[in-house]
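The chain contents come next:
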Amino acid sequence: MSDQEELERFLASNPTLLSDPELEQIVLGQGAVLVQPITPEAVDALCARWDIDSKGKVVLTGGLRFAAQRYATQMQVPPSVLPGVRKELTALMAGGARGLAALQGLSEAARHVLHRAGLGLKLLGQAHPRLLQDSAGRLILECPRSGQRDLADLAEWQPEVGQAAEAALTFARKGKRGRPTDDAMRDVMCYCYVFWVDELGRRFTLDWTQAPEPITDAARFCVDFARRVDPDVTVSRVQTSSLAARERLRDLDRAKIRAELLSN
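What counts and what doesn't
Residues numbered from 1 in each chain as written. Predicted model: local features only at pLDDT ≥ 70, side-chain atom pairs only at ≥ 80, totals over all residues. Heavy atoms only, no water. pLDDT = per-residue confidence, 0-100. Helix = DSSP H or I, 4+ residues; strand = E, 2+ residues; numbered from the N terminus. Contact = heavy atoms within 4.5 Å. Polar contact = N/O pair within 3.5 Å; in protein donor to acceptor, adjacent residues only side chain to side chain. Buried < 20%, exposed > 50% of the residue type's maximum accessible area, 1.4 Å probe, protein only. Pairing = 2+ DSSP bridges.

Trainee: Please clarify how the confidence of the model for the protein chain should be interpreted in this entry.
Mentor: Detailed reading of the predicted model is not advised wherever pLDDT is low. On average, residues of the protein chain score 81 in pLDDT, and 79% of them reach the 70 mark or higher. Confidence, read as mean pLDDT per element, is least for helix α1 (residues 3-12) in the protein chain (47) and greatest for helix α10 (residues 217-229) (97). The model gives residues 14-19 a pLDDT under 50, and that stretch makes 14 contacts with residues more than four places away or in other chains.

Trainee: Sorry, what's going on with the side chain of E199 here?
Mentor: Within the fold, E199 resides in helix α9 (residues 183-199). A polar side-chain atom of E199 sits 2.9 Å from a polar atom in the side chain of K55.

Trainee: When you look at the environment of P144 in this model, what are you seeing that I'm missing?
Mentor: Along the polypeptide, P144 turns up in the loop between β2 (139-143) and β3 (147-149). For P144 and A127, which are 17 residues apart along the polypeptide, the C-alpha to C-alpha distance reads 5.9 Å. Contacts of P144, omitting those with residues within four sequence positions, involve A127, H128, P129 and R130.

Trainee: How do you make sense of the pairing of β2 when you look at a structure like this?
Mentor: The side chains of a regular strand alternate between both faces of the sheet. Taking burial as the measure, the five residues of β2 include five buried ones, the bulk of the element. The alternating pattern of β2 places L139, L141 and C143 on one face and I140 and E142 on the opposite face, and all of these are buried. With four bridges connecting them, strand β1 (residues 130-133) and β2 associate as antiparallel partners. Considered in β2, the bridge of L132 is made with I140. The turn joining β1 and β2, which pair antiparallel and follow one another in sequence, is formed by five residues; a positive phi near 85° is taken by G137. Sheet analysis places β2 next to β3, joined by three bridges and oriented antiparallel. Residue pairing across strands places L141 opposite R149, the latter belonging to β3.

See below:
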């Protein structure tokens, strides 16, 4: 199991997910901007269409906001940019002038990968040097034995910077074959599943036309919910992600996931 897969399993089974500020940074991100704000009017429209009572409305409001923030965080590094991020991290592993140039020219996507990878490795207890962003967005080096260091003298800290970049490659899908999964929309659909099944007590039956267009109520709700998070999401993307979410939640401890998702 890769570091990323191990971290995802840990986060999915942790009932106090947001009690740790560093966990919160991984889950809700740093500087992520919502595609569309979750307004009371948007929630009211969903509740009216799907016969959701006042109690359900409270849960739905919190869940939509949580899902939208999580989605914005993950879309900071969409799958399409990962090949470029891997090239940047590989260049960062080099010494001398090449490593310095790579550090100075890091894209925002690469910075996000390094930061989240660093937090993930720390939370997993792995003794790798880590590159993290401070509150001002500057990269700092955190070494397990020597604490935090600035990068003013790259020559002194180049080996540790290279190790941090190498460890982060796993989080940028190094060595993974096939098309990257749409984790951002899949996680939005995971909330749909939990809310629809556990809060509303309805069956998560997914049927679609070949177009595709949703046929069943659960499928229609998935599209409605997803478009509150991202108005431009395609039905095809919702279809694929909702099926992936259903499959994923069947294999995990849904009681813990439900406790987490419905409490935020």
